[in-house]
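These are the residues of each chain, in order.
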Amino acid sequence: MGRLTVVALRIVMVTLLAGSLGIQAVMVPLMASDLEGLDAEYSYLRVPLLLVVVLGVMTAQVVLVCVWRLVTMARRGTVFSHAAFRYVHTVIGAFVAAALLVFALGALLAPGEAVAPGIVALLGGAGLAILGIALVVLVLRMLLAQAVARDVEATRMRAELAEVI
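This one's a predicted model, so the numbers in the text were calculated from it and none came from an experiment.

Q: Kindly report on the pattern of salt bridges, identifying the contributing residues and their values.
A: This structure, assessed with the given rule, holds three salt bridges. Put simply, Arg46 and Glu36 hold a salt bridge, and the shortest N to O gap is 3.2 Å. Note that Arg46 is positioned in helix α2 (residues 46–76) and Glu36 in the loop between α1 (3–35) and α2, a separation of ten residues in sequence. Classification of Glu36 as exposed rests on a relative accessible area of 57%.

What follows is the structure in structure tokens.
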């Protein structure tokens, strides 16, 4: 992995992480104060909405930290090892959790007239798209497993060849 690529990716990740911290520190309290003005019939949505937002931002932060670690491993040439699986599994779990949060948000907003039915359908589509991303990462995990297995086999064959020579 090229140095320029790593630096550019890390700049993007730091920016996204700073933005997510800003959302947690500034936007969530502002959203909480805005939701205090909800009609009595929708006041039950206040805490679940805030919880979905906070947990959703946390899933994004988890993905950013794991990708940072994987980029570090790739830069050092150690990404094709069993240690990388921990981070890949965490990324998959975070995407599944994010999808479940989006589905939960749709379920919260579905009853009544809080939002239009099209918004709920859009949330369902977004949750499905996030699950699709989790599946793509799962496929990439399978490719990583194949690469690790081949690397282990190549190391074993080199050791055998060295003994013969």
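Read on, since the account is not over.
Q: Account for the layout of surface pockets, with residues named and values stated.
A: One number sums up the size of the largest pocket: a volume of about 390 Å³. Together, 15 residues line the largest pocket, and Leu70, Val79, Val88, Leu140 and Leu144 are the ones closest to its centre. Contributing elements (two or more residues each) for the lining of the largest pocket: α2, α3 (83–109) and α4 (117–164). The greatest single-element share of the lining of the largest pocket, amounting to five residues, is contributed by α4. Per-class residue counts for the lining of the largest pocket are 14 nonpolar, no polar and one charged. For the lining of the second largest pocket, the elements supplying multiple residues, two or more each, are α2 and α3. Looking at the lining of the second largest pocket element by element, the count peaks at six residues for α2. For the lining of the second largest pocket, a count of residues per class yields seven nonpolar, three polar and no charged.

Q: Tell me about a nonpolar patch on the surface, and please be specific about residues and values.
A: Among the surface-exposed residues, Ile23, Val26, Met27 and Leu30 lie close enough to one another that they form a single nonpolar patch of about 350 Å² accessible area. Among the secondary structure elements, Met27 is positioned in helix α1.

Q: Report on the confidence of the model for the protein, specifying residues and quantitative values.
A: Mean pLDDT over the protein works out to 90, with 99% of the residues at or above the 70 mark. In the model of the protein, α4 stands out as the element of lowest mean pLDDT, 91, in contrast to α3, which has the highest, 95.

Q: Quick rundown of the packing of α2 against α3? Include the residues and the values.
A: As a packed pair, α2 and α3 sit with axes 9 Å apart at the nearest point and diverge in direction by 160 degrees. It follows that α2 is roughly antiparallel to α3 by the angle criterion. Of the two elements, α2 crosses α3, and the hand of that crossing is left-handed. The residue makeup of the contact of α2 with α3, split by class, is 22 nonpolar, three polar and one charged.

Q: So what about the environment of Leu138? Which residues, and what values?
A: Positionally, Leu138 belongs in helix α4. Residue classification places Leu138 among the partly exposed residues on the basis of a relative accessible area of 33%. When the C-alpha positions of Leu138 and His89 are compared, they lie 8.3 Å apart, and in sequence the two are 49 residues distant.

Rules and cut-offs
Residues numbered from 1 in each chain as written. Predicted model: local features only at pLDDT ≥ 70, side-chain atom pairs only at ≥ 80, totals over all residues. Heavy atoms only, no water. Salt bridge = Lys/Arg side-chain N within 4 Å of Asp/Glu carboxyl O. Helix = DSSP H or I, 4+ residues; strand = E, 2+ residues; numbered from the N terminus. Buried < 20%, exposed > 50% of the residue type's maximum accessible area, 1.4 Å probe, protein only. 1 Å grid on protein atoms, 1.4 Å probe; cavity = no way out; pocket = protein on both sides within 12 Å on 5 of 7 lines; lining within 4 Å. Points joined across faces, edges and corners; volume = space filled by probe spheres on them. Nonpolar A, V, L, I, M, F, W, Y, C, P; charged D, E, K, R; others polar. Patch = residues over 30% accessible without salt bridge, like charges linked within 9 Å, V, L, I, M, F, W, Y side chains within 5 Å. Areas by Shrake-Rupley, 256 points an atom, 1.4 Å probe, with all protein chains shown as cover. pLDDT = per-residue confidence, 0-100. Axes fitted to C-alpha atoms, helices over the stretch in contact; angles between N-to-C directions. Parallel < 35°, antiparallel > 145°, perpendicular 65-115°, else oblique. Left-handed = near helix turned anticlockwise from the far one by under 90°.

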